[in-house]
Amino acid sequence: GQSLEQPSEVTAVEGAIVQINCTYQTSGFYGLSWYQQHDGGAPTFLSYNALDGLEETGRFSSFLSRSDSYGYLLLQELQMKDSASYFCAVSGFGNYGQNFVFGPGTRLSVLP
Amino acid sequence: EAGVTQFPSHSVIEKGQTVTLRCDPISGHDNLYWYRRVMGKEIKFLLHFVKESKQDESGMPNNRFLAERTGGTYSTLKVQPAELEDSGVYFCASSQSFSAYEQYFGPGTRLTVT
């Protein structure tokens, strides 16, 4: 099966940079995704890494190291609207074919 | 293009009653997923449809939960009889391809069992 670990909470100030780490254990691995969820809202896709390295999308970047079973989401120039929960998710291979497992989520609070 | 829609947005029922949640995926998306988030915890996978077939239902908690996707379009998730621990937000998501890592989520149905 799959299991993922993330910090439960992170706090930072506007304009700062924050890194949210994710470690995973999985039997079969296709890639690591990141989703953002605001309170009361739906999870929305942020980024995906299938290969080692850094993927950059505007203020957000995501990194993956397959050998370390580790990835992170980097948020730069933090804004108040970035306050939300962030989930990493592993696309892996389970008993029934490809599956998709979310981590426990990291609640990011951005302070003025 | 319309997004994933879910109905109802909220449902409050008593323990022992039945509730049916509905999800309309994005048109053309063969893959449909149900998830549940309880008390702000992790988003837990329930099941995955490919068209009308259940690809993986390993996350369904017990036989009080029944999901269907007749005709491969919309899906329903029925809880019968509901228990207190079934309370949470039920999300539906869809994706175009089987290997898609980008899933489009609906707004969720908040279920409260009293």
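Residues numbered from 1 in each chain as written. Chains lettered and ligands numbered in written order. Predicted model: local features only at pLDDT ≥ 70, side-chain atom pairs only at ≥ 80, totals over all residues. Heavy atoms only, no water.

**Things to note about the interface of chain A and chain B**
At the junction of the two partners, chain A supplies 18 residues and chain B supplies 18 residues. In total, about 1,700 Å² of surface goes out of reach between chain A and chain B, with carbon and sulfur atoms giving 60% of it. Scanning the region where chain A abuts chain B turns up 0 salt bridges. On the surface where chain A and chain B come into contact, there are 2 residue pairs in polar contact (both at pLDDT 80 or more). Counted by class, the side of chain A that touches chain B contains 10 nonpolar, 8 polar and no charged residues. (Contact = heavy atoms within 4.5 Å. Buried area = accessible area lost by both parts, 1.4 Å probe. Salt bridge = Lys/Arg side-chain N within 4 Å of Asp/Glu carboxyl O. Polar contact = N/O pair within 3.5 Å; in protein donor to acceptor, adjacent residues only side chain to side chain. Nonpolar A, V, L, I, M, F, W, Y, C, P; charged D, E, K, R; others polar.)

**Section: the sheet that holds strand β3 (residues 18-25) of chain A**
All names here are of chain A. The sheet built from 5 strands is open, its strands ordered β1-β3-β8-β7-β6 with antiparallel pairing. Strand pairing shows two members of the sheet lacking a second neighbour, β1 (3-5) and β6 (53-57), which therefore form its edges. The average angle at which neighbouring strand axes cross in this sheet is 20 degrees, direction not considered. Direction of pairing for strand β7 (residues 60-65) relative to strand β8 (residues 70-75): antiparallel, over a ladder of 6 bridges. For Phe60, the partnering residue across the bridge sits in β8 and is Leu75. (Pairing = 2+ DSSP bridges. Helix = DSSP H or I, 4+ residues; strand = E, 2+ residues; numbered from the N terminus. Axes fitted to C-alpha atoms, helices over the stretch in contact; angles between N-to-C directions.)

**What to know about the sheet that holds strand β8 (residues 75-79) of chain B**
Residue and element names in this part refer to chain B. The 4 strands are arranged β1-β3-β8-β7 in an open sheet whose pairing can be described as antiparallel. Among the strands making up the open sheet, the edge pair consists of β1 (5-7) and β7 (65-68). The sheet shows a mean angle of 15 degrees between the axes of neighbouring strands, taken without regard to direction.

**Observations regarding unusual backbone geometry**
A cis amide bond, omega -5 degrees, links Phe7(B) with the succeeding residue Pro8(B). Note the cis peptide between Gln80(B) and Pro81(B), where omega equals -10 degrees. Examined against the element boundaries, Pro81(B) turns out to sit in the loop between β8 and β9 (88-95). At Ser69(A), a residue that is not glycine, the phi angle is positive and equals roughly 50 degrees. Within the element layout of this structure, Ser69(A) appears in the loop between β7 and β8. Look at Glu77(A): it is not a glycine, yet its phi comes out positive at around 45 degrees.

Just geometry here; none of it tells us what the structure is for.
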